[in-house]
Amino acid sequence: MKEFLSIASVSTQPERESDIGYAATWLRDRLLIAGFPKVAVMPTPGHPVVYAEWLAAGAEAPTVLVYGHYDVQPPDPLELWNTPPFEPTIVGDDIFARGAADDKGQMYVYVKAAEAFKETEGAPPVNVKCIFEGEEESASPNLEPFVREHADLLAADVAVISDTHILGKDMPSIVYALRGIAYVEVQVTGPDQDLHSGIYGGAVHNPIHVLCAMIDQLIDKDGRITIPGFYDKVQELTPEERAEMAKIPFDRDKWLREAGVKTDWGESAYTIVERTTARPTLDVNGIWGGYIQEGAKTVLPSKAFAKISMRLVPNQSPAEITQLIRNYLVEIAPPTVTVEVRDLHGGDGAIIRRDSPAMKAAFRAYAEVFGQEPIFVREGGSIPVVATFKNVLGLETVLMGFGLPDDRLHSPNEKFHLPNFYRGIETAIHFMRFLAE
Ligand code: BES
Ligand code: MN
Ligand code: MN
């Protein structure tokens, strides 16, 4: 795992292309060593998919499609890491590295689970297919076409993904819902070039002011998104589901400490757990424009930009939401500027049935290994492939995560709790066993 984590497979940075390629071939070699008879690095218009299959259980046995991603987020800001992001370091029970929990460490669980079967019973008790992609952190632009094109190859009875976390190290949980996402970039243009603010200031509308004012109109003082139609398709939480969510162990002070904030914010009619997992949200991810170098420059800028992402709940369509925000921003823009809204990416959310045989197998597997029955939770993050598997392959996914809430995904000092890695391997083994029964 240390070798795997030391490869800087950052998918968004073109200069990391060769590391991505190396991660894919490294993974191929490990899958071969683990016993998969058929392994291939399959090209896509972007980064390759690593595919593996081991169909030793026979046509009667179920087939599990394992998904994971071998790409990682950029490690910056580097100066905030206690140890270098691509020099995996074990401190106590944790291994620190970019990708330790998201998702290299977690997907590696299946390589080791398969290897354990090879060394004991000869082969896994179910048929196993693996699809490991290298573009998840760039919103998987080539995955859906790949899945469509290879639908026969990927045919299975259920998908399993370990790319989420459990509630605590002795508190297993199964994620049954994820949020979707719609991501846009907004460009506001005023004058066609930067102007002297002494000569023109006062009579030319500043696009940065305009952008800030427009952004300010996207959320009201109660934390509600004001884009017309935004909530139209939202599937409201039922009283039963809210009651169930209220029972999820939640420590507000611990949550505040982990987030590093003085107090929480948002829709007051909903709990923090509801707001972060089952309510749609809007966040400005970045904003820029004008002069930001050292010292002062008296400029009235031509352009202002912002990146805005919206987390969506099931039934909200990323394409529709993108159109709604575009229409709204264009509508509220003053006549002094022009506004362009570019669609960066989108992905559907998901709600997963909890009564399927595979969910039951996962439930039993966690209970067996952690000595504690898992509880069902929703998560606020997005894994768009879950909807792709459902829509293209007709597959339900089991989200069998082994991370912890404080793993610092996408942040400095990301880590994976090693006891969870070993328990993860055991849980994967039991999951396959129970599924085979
Ligand atoms: N593993 C995460 C998603 C996640 C994290 C789900 C924690 C639930 C709990 C995944 O790698 C991720 O970061 N997804 C992106 C998706 C985006 C790039 C389309 C996200 O959620 O921002
Ligand atoms: Mn991930
Ligand atoms: Mn991620």
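Residues numbered from 1 in each chain as written. Chains lettered and ligands numbered in written order. Predicted model: local features only at pLDDT ≥ 70, side-chain atom pairs only at ≥ 80, totals over all residues. Heavy atoms only, no water.

Let us look at the coordination of the manganese ion (ligand 3). Binding of the manganese ion (ligand 3) to the protein goes through D102 (OD), E137 (OE), E137 (OE) and H410 (NE2), at separations of 2.1 to 2.6 Å. Here the manganese ion (ligand 3) is ringed by six donor atoms whose angles at the metal span 54 to 156°, and the overall shape comes out irregular. Within one chain, the residues serving as donors to the manganese ion (ligand 3) are arranged as D-x34-E-x272-H. Here the manganese ion (ligand 3) and the manganese ion (ligand 2) are spaced 3.6 Å apart, with D102 acting as a shared donor. Remark: E137 occurs in the loop between β6 (127-133) and α4 (143-149) and D102 occurs in the loop between β5 (94-96) and α3 (104-120); sequence separation between them is 35 residues. Residue class for D102 comes out buried when judged on its relative accessible area of 6%. (Donors = N, O, S within 2.8 Å, 3.2 Å for Na, K, Ca; no water. Tetrahedral: all angles 85-135°; square planar, octahedral: opposite > 155°, others 65-115°. Helix = DSSP H or I, 4+ residues; strand = E, 2+ residues; numbered from the N terminus. Buried < 20%, exposed > 50% of the residue type's maximum accessible area, 1.4 Å probe, protein only.)

Counting residues in hydrophobic clusters, the biggest one holds 94 residues, and the most contacted among them are F36, Y70, I131, F389 and F431. For this core, the leading source of residues is helix α13 (residues 418-436), giving nine residues. (Core = buried A, V, L, I, M, F, W, Y, C linked by side-chain atoms within 4.5 Å.)

To continue, consider the site of ligand 1. Lining the immediate surroundings of ligand 1 are 16 residues, of which D102, E136, D163, R311 and H410 lie closest. Note that an oxygen atom of ligand 1 is positioned 3.0 Å from one of the side-chain N or O atoms of D102. Here R311 contributes a side-chain N or O atom positioned 2.8 Å from an oxygen atom of ligand 1. For ligand 1, whose free accessible area comes to 520 Å², the fraction covered by protein is 90%. Split into classes, the residues belonging to the shell around ligand 1 amount to four nonpolar, six polar and six charged. (Near = heavy atom within 4 Å. Polar contact = N/O pair within 3.5 Å; in protein donor to acceptor, adjacent residues only side chain to side chain. Areas by Shrake-Rupley, 256 points an atom, 1.4 Å probe, with all protein chains shown as cover. Nonpolar A, V, L, I, M, F, W, Y, C, P; charged D, E, K, R; others polar.)

Turning to the sheet that holds strand β18 (residues 415-417), a few remarks are in order. What the three strands build is an open sheet, ordered β4-β5-β18; its pairing is antiparallel. Strands at the two margins of the open sheet, each flanked by one partner only, are β4 (89-91) and β18. Neighbour-to-neighbour, the strand axes of the sheet open up by a mean angle of 25°, direction not taken into account. Here three bridges tie β4 to β5, and the two strands are oriented antiparallel to one another. Among the inter-strand pairings, I90 is bridged to a residue of β5, identified as I95. (Pairing = 2+ DSSP bridges. Axes fitted to C-alpha atoms, helices over the stretch in contact; angles between N-to-C directions.)

Attention shifts here to the coordination of the manganese ion (ligand 2). The manganese ion (ligand 2) binds to the protein through H69 (NE2), D102 (OD), D163 (OD) and D163 (OD), with metal-donor distances spanning 2.0 to 2.3 Å. Here the manganese ion (ligand 2) binds six donor atoms, and the angle range of 57 to 167° at the metal identifies the geometry as irregular. Taken in chain order, the donor set of the manganese ion (ligand 2) reads H-x32-D-x60-D.

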